[in-house]
Amino acid sequence: MSTTIVALKRAVGYQRVSSTGQTGERHSSLDTQKVRFDQYCHRLNLLPVTSFVDVVSGKRDDRKEYLRMVNYVMGGGADVIIVQFLDRFGRNPREILQRYWQLQDFNVSVVATDEDIQEELILLIRAGIAGAESKRTSERVRSNMGTAVARGVQAGRPPFGLKPVREIKGGTVETRWELDPVEAPIVREMFRLAVEENLGQKATADRLTQLGYRARGGRPFATYTIARILSNEALAGNLVYGKRPKKGNPQQELVRVEGFFPAILSQEEWQCLEQRLSIRRESSRGKTHSSDYLLSGILRCGHCRGPMAGKQSAAYKGKHYRNYACSRAMKSKALCSVYNGHSVSQLEPAVLEYLGRFSDPTQVKEHLAAVQTRELADKEAELAGAEQALGKLEGRFLQHLDLLQRGVITEVEFVKANESARSQAGALEVQRDELKAWVTAQRERVSAAERLPGAIGSFLEDFQGMEVRQQKAQLQTILKAAYVYQDDRLELEFRG
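Every value quoted in this text rests on a predicted model; they were computed, and no experiment measured them. (Residues numbered from 1 in each chain as written. Predicted model: local features only at pLDDT ≥ 70, side-chain atom pairs only at ≥ 80, totals over all residues. Heavy atoms only, no water.)

Peer 1: Could you give an account of helix α1 (residues 30-43), naming the residues involved and the relevant values?
Peer 2: Across its 14 residues, α1 extends 20 Å between first and last C-alpha, which sits within 8% of the 20 Å expected from 1.5 Å per residue. The set of residues buried in α1 consists of Gln33, Phe37, Tyr40 and Cys41. Take α1 and look down its axis: the buried residues cluster within an arc of 100°, on one side only. Turned more than 90 degrees off the buried face of α1, the exposed positions are Asp31, His42 and Arg43. Buried residues along α1 sit against β1 (10-17), β2 (47-55), β3 (80-83), α3 (86-89) and β4 (109-112). (Helix = DSSP H or I, 4+ residues; strand = E, 2+ residues; numbered from the N terminus. Expected span 1.5 Å × (residues − 1). Buried < 20%, exposed > 50% of the residue type's maximum accessible area, 1.4 Å probe, protein only. Arc of directions from axis to C-beta. Contact = heavy atoms within 4.5 Å.)

Here it is as structure tokens:
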């Protein structure tokens with residue numbers, strides 16, 4: 001009597017979530033993934049050997065259990081790796097493809113229980129060649145965010161100033177958002193203190209505490225709380241995903257859903273707030289914004305380009321004199337050899353008088369003719385050429401992809417055929433992005449030049465009625481820097 005021995009293929013499972021307790025975009029908890037692994041082995045008569053589990057982002061290629069699994073199967077420990085979806089195996093298309101083909105060389109296959117893995121691999125190849133490795137992830141996130149919007153769902157704690165109102169309709173719970181009657185006015189006051197009074201985050205927190213306002217839980221406002229609230233686009237009604245990736249995770253593509261919340265600040269107010277916070281970040285901490293010297297943080301030495309600091313002299317005949325002086329020259333002649341000092345009473349009116357000349361649109365256009373028509377046209381033509389070349393490369397890629405899908409060429413032949421296209425596309429994308437940034441910047445300068453006269457006129461009209469701190473805040477939105485020389489020459493650098 002003969003005995004037939006059937007050798008079962010050995011299988012290992014790989015399960016992954018990005019964080020503890022996470023269900024993932026496809027609701028694939030670790031328990032669900034493990035059940036799918038067991039069911040798949042039973043259905044296809046595979047021998048389950050063991051499972052490897054990671055709780056870490058799939059974009060990281062240094063996952064401990066993932067690397068241990070690869071070494072295990074390449075050492076002969078198993079014939080098949082089973083995942084629920086290919087995105088559990090990883091998020092980096094280049095790593096997935098290289099590892100997939102490497103495992104094939106060791107006669108180890110990778111299968112997914114809940115999708116056609118060949119279709120997924122082709123999509124990953126396309127994403128890798130096009131240089132958009134996070135494209136499919138972003139599309140999934142956008143899809144999920146769209147679903148969340150339709151359901152009125154927002155992950156995480158409610159933004160300060162807003163409150164969710166849940167209602168049962170047709171047997172399901174729906175959520176809509178309203179302005180919180182207690183918190184929304186506090187946000188408006190934060191905005192006013194930051195933009196109109198030019199207060200920093202600590203000063204804003206202190207002022208709110210003095211006024212009797214409290215953060216959630218009855219706690220006094222802290223600096224970091226003010227920073228978190230004022231940087232949240234929910235104030236302008238927008239839900240933003242991927243703005244602050246967790247430490248150790250790659251930067252995600254930003255997903256923005258506009259109009260998700262009722263807006264506490266108008267779009268114009270939000271832009272003013274962003275500009276004010278950006279301006280404050282330009283200067284180091286200290287008395288730059290709080291000092292009673294109007295040009296502190298704006299005035300710079302024309303000889304060394306260093307900051308000009310306001311200082312008060314010792315009393316002379318019972319009178320103090322206020323001056324601006326080059327801070328570098330005051331420290332060492334090696335830093336700036338020119339003593340560049342000017343009286344506050346003379347320099348500040350001179351800068352304002354010179355600024356007033358640019359309330360004339362004709363003079364502004366002449367002064368800010370930094371955008372040369374011919375140069376802009378040349379750059380735009382270069383940009384169009386780069387985009388056209390990328391289009392041709394995409395066409396060649398699609399031809400090769402069609403051959404791959406029809407089985408005319410193998411995956412290895414496909415990659416080899418597109419190797420040169422990949423490097424060319426990378427160089428062209430860098431060139432395109434640089435040209436886009438340059439053209440956009442120049443167009444913005446032209447737009448800023450057109451707005452400048454009105455902004456200067458409005459500032460000078462309201463100037464006398466404002467405190468120094470407010471004057472400075474408004475002036476900083478117009479002037480990026482004012483350069484002064486020893487011989488009293490002035491140069492203005494307008495913002496934008």
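Now that the structure is up, let's keep going.
Peer 1: So, the state of the cysteines: which residues are in play, and what are the values?
Peer 2: Under the definition given, this model contains zero disulfides. Cys304 takes part in no disulfide bond, and the closest cysteine sulfur to it belongs to Cys326, at a distance of 3.5 Å. (Disulfide = S-S within 2.5 Å.)

Peer 1: Explain the packing of aromatic side chains residue by residue, including any values.
Peer 2: Under the defined criterion, the tally for this structure stands at 10 aromatic pairs. A ring pair is formed by Phe260 and Phe261, whose centres lie 4.7 Å apart and whose planes are at 75°; its orientation type is edge-to-face. Here Phe260 matches Phe261 in class, with each residue buried. Between Tyr354 and Phe358, the aromatic rings sit 5.4 Å apart at their centres with planes inclined by 70°, giving edge-to-face as the arrangement. (Phe/Tyr/Trp six-rings, centres within 6.5 Å; stacked < 30°, edge-to-face > 60°.)

Peer 1: Please provide a residue-by-residue account of the pairing of strand β14 (residues 490-494), values included.
Peer 2: The alternating pattern of β14 places Leu490, Leu492 and Phe494 on a buried face and Glu491 and Glu493 on a face that is not buried. The pairing of strand β13 (residues 479-484) with β14 spans five bridges and is classified as antiparallel. Considered in β14, the bridge of Ala481 is made with Glu493. Adjacent in sequence and paired antiparallel, β13 and β14 are bridged by five residues, among which Asp488 carries a positive phi angle near 75°. (Pairing = 2+ DSSP bridges.)

Peer 1: Before we move on, could you go through a nonpolar patch on the surface and cite the residues and values that matter?
Peer 2: A cluster of nonpolar residues, Leu8, Leu47, Val49 and Tyr72, forms a patch on the protein surface that exposes about 300 Å² of accessible area. Among the secondary structure elements, Val49 is positioned in strand β2. Take Val49: its relative accessible area is 36%, and that puts it in the partly exposed class. (Patch = residues over 30% accessible without salt bridge, like charges linked within 9 Å, V, L, I, M, F, W, Y side chains within 5 Å. Areas by Shrake-Rupley, 256 points an atom, 1.4 Å probe, with all protein chains shown as cover. Salt bridge = Lys/Arg side-chain N within 4 Å of Asp/Glu carboxyl O.)

Peer 1: So what's going on with the sheet that holds β14? Which residues, and what values?
Peer 2: A sheet is described by the order of its strands in space; here three strands give the open sequence β9-β13-β14, paired in mixed fashion. The sheet terminates laterally at β9 (299-301) and β14, the two strands that pair on one side only. Strand after strand, the sheet turns through a mean of 25° between neighbouring axes, direction not considered. Where helix α12 (residues 344-356) meets the sheet, it contacts β9, β13 and β14, and its direction lies at approximately 60° from that of β14. Contacts from helix α17 (residues 468-478) reach β13 and β14, with the element oriented near 90° to β13. (Axes fitted to C-alpha atoms, helices over the stretch in contact; angles between N-to-C directions.)

Peer 1: Account for helix α8 (residues 201-210), naming residues and giving values.
Peer 2: In an α-helix there are 3.6 residues to a turn, and that puts residues three or four apart on one side. Of all the residues in α8, the buried ones are Thr204, Ala205 and Leu208. Angularly, the buried residues of α8 cover 100° about the axis, an arc narrow enough to put them on a single face. In α8, the exposed residues that point more than 90 degrees away from the buried face are Lys202 and Gln210. In the core, the buried residues of α8 are packed alongside α7 (183-195) and α9 (223-230).

Peer 1: Could you give an account of the pattern of salt bridges, with specific residues and numbers?
Peer 2: For the structure on display, the rule yields 18 salt bridges. In this structure, Arg60 engages Asp62 in a salt bridge whose closest nitrogen and oxygen atoms are separated by 3.3 Å. Taking relative accessible area as the criterion, Arg60 reaches 29% and is therefore assigned partly exposed. Overall, Asp62 belongs to the partly exposed group, its relative accessible area being 48%.

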